[in-house]
Amino acid sequence: MELGKRIRLIRKEQKRTQSEIATACGFTKSMLSKIESGSTMPAVATLMKIAGALGVKVSDLLEPDVSNGTVFTTAAEYNDVNKWIKTSNGYSFYAFASGRRDKTMQPYMFVAEKDEVKSHVFSHEGEEFIYVLSGKMKYRVGNLEYEMNAGDGVYFNSLEEHLVIPLSAQVKYLAIFTEENRKSSDGK
């Protein structure tokens, strides 16, 4: 997978070690090594931590060529299974507009299979909006749990621990993340 190679390239361009980046992300050097070698595919929250530690956007890790222009995505593009990333946590995602640089939000399409998703919580900088397209799932944010069906949505602070629990055989949902919290009006 090219993702690991891009992470390694950016890290080496910055003359930084695996240990330094792993420590900044809060996981082991071994995990970063597996991501860089392509032997494990990280969760989106992990990609956000790596991007933050490297001082880049997630899109810089996902796409080698980025622009500031409008990004149009056809249904044929996101229906192409070769363009999806299958994580080691048992779900797949498609990153819309990954070729756009300096964006404040990142839209993703997720597919989670009931018997494949490993129970794990996410927590990362920013805010998040989840909208269920098909299927049924529980979505836990902090201490609250929401049973969500097609057409349901939830918006929350991504620093709160959150996780998805598919209830139907498959659940497809749209997730829109910001990569950092908004600054207050006084700039702090």
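Residues numbered from 1 in each chain as written. Predicted model: local features only at pLDDT ≥ 70, side-chain atom pairs only at ≥ 80, totals over all residues. Heavy atoms only, no water.

A. The sheet that holds strand S4 (residues 127-134), seen in detail. If you walk across this open sheet you meet the six strands as S1-S2-S3-S9-S4-S7, and the pairing is antiparallel. A strand with exactly one partner marks an edge of an open sheet, and here the two such strands are strand S1 (85-86) and strand S7 (153-157). Sheet topology note: the strand S2 (residues 91-95)/strand S3 (residues 105-113) ladder contains five bridges and is antiparallel. Looking across to S3, one finds that Phe-93 is bridged to Phe-110. (Pairing = 2+ DSSP bridges. Helix = DSSP H or I, 4+ residues; strand = E, 2+ residues; numbered from the N terminus.)

B. Local environment of the confidence of the model for the chain. Mean pLDDT over the chain stands at 86; residues scoring 70 or higher make up 90%. Per-element averaging of pLDDT across the chain places helix H5 (residues 58-62) at the bottom with 81 and strand S6 (residues 144-149) at the top with 98. Low pLDDT, under 50, characterises residues 181-188; the predicted model gives this stretch six contacts beyond four residues in sequence or across chains. (pLDDT = per-residue confidence, 0-100. Contact = heavy atoms within 4.5 Å.)

C. Looking closely at the sheet that holds strand S8 (residues 162-166). Across the sheet, which stays open at both edges, the three strands sit in the order S6-S5-S8 with antiparallel pairing between neighbours. Every other strand in the sheet has two partners, leaving S6 and S8 as the edge strands with one partner each. Across the sheet, the mean angle from the axis of one strand to that of its neighbour is 20 degrees, orientation sign disregarded. (Axes fitted to C-alpha atoms, helices over the stretch in contact; angles between N-to-C directions.)

D. The arrangement of the pairing of strand S9 (residues 170-178) in detail. Taken together, the nine bridges between S3 and S9 define a ladder with antiparallel strand orientation. From the neighbouring strand, Phe-110 faces S9, where its bridge partner is Tyr-173. Relative to S9, S4 is paired through six bridges, and the arrangement is antiparallel. In the strand pairing of S9, Phe-129 is matched with Ile-176.

E. Highlighting the side chain of Arg-16. One can find Arg-16 in the loop between helix H1 (2-13) and helix H2 (18-25). Among the polar contacts made by the side chain of Arg-16, one reaches the main-chain carbonyl oxygen of Ala-53 at a distance of 2.6 Å. In this view, Arg-16 contacts Arg-11, Ile-21, Ala-53 and Leu-54; residues no more than four positions away in its chain are not counted. (Polar contact = N/O pair within 3.5 Å; in protein donor to acceptor, adjacent residues only side chain to side chain.)

F. Inspection of the pattern of salt bridges at higher detail. As enumerated under the stated definition, the model contains eight salt bridges in all. A salt bridge links Glu-36 to Arg-8; the nearest nitrogen and oxygen atoms lie 3.6 Å apart. Of this pair, Glu-36 sits in helix H3 (residues 29-37) while Arg-8 is found in helix H1, placing the two residues 28 residues apart along the sequence. (Salt bridge = Lys/Arg side-chain N within 4 Å of Asp/Glu carboxyl O.)

G. Broad picture of unusual backbone geometry. Of note, the phi angle at Lys-15 is positive, near 55 degrees, even though the residue is not glycine. Here Lys-15 lies in the loop between H1 and H2.

H. Representation of the environment of Asp-152. Within the secondary structure, Asp-152 sits in the loop between S6 and S7. Excluding its chain neighbours within four sequence positions, the residues that come into contact with Asp-152 are Ile-130, Tyr-131, Val-132 and Glu-147. A polar atom in the side chain of Asp-152 sits 2.8 Å from the backbone nitrogen of Asn-149.

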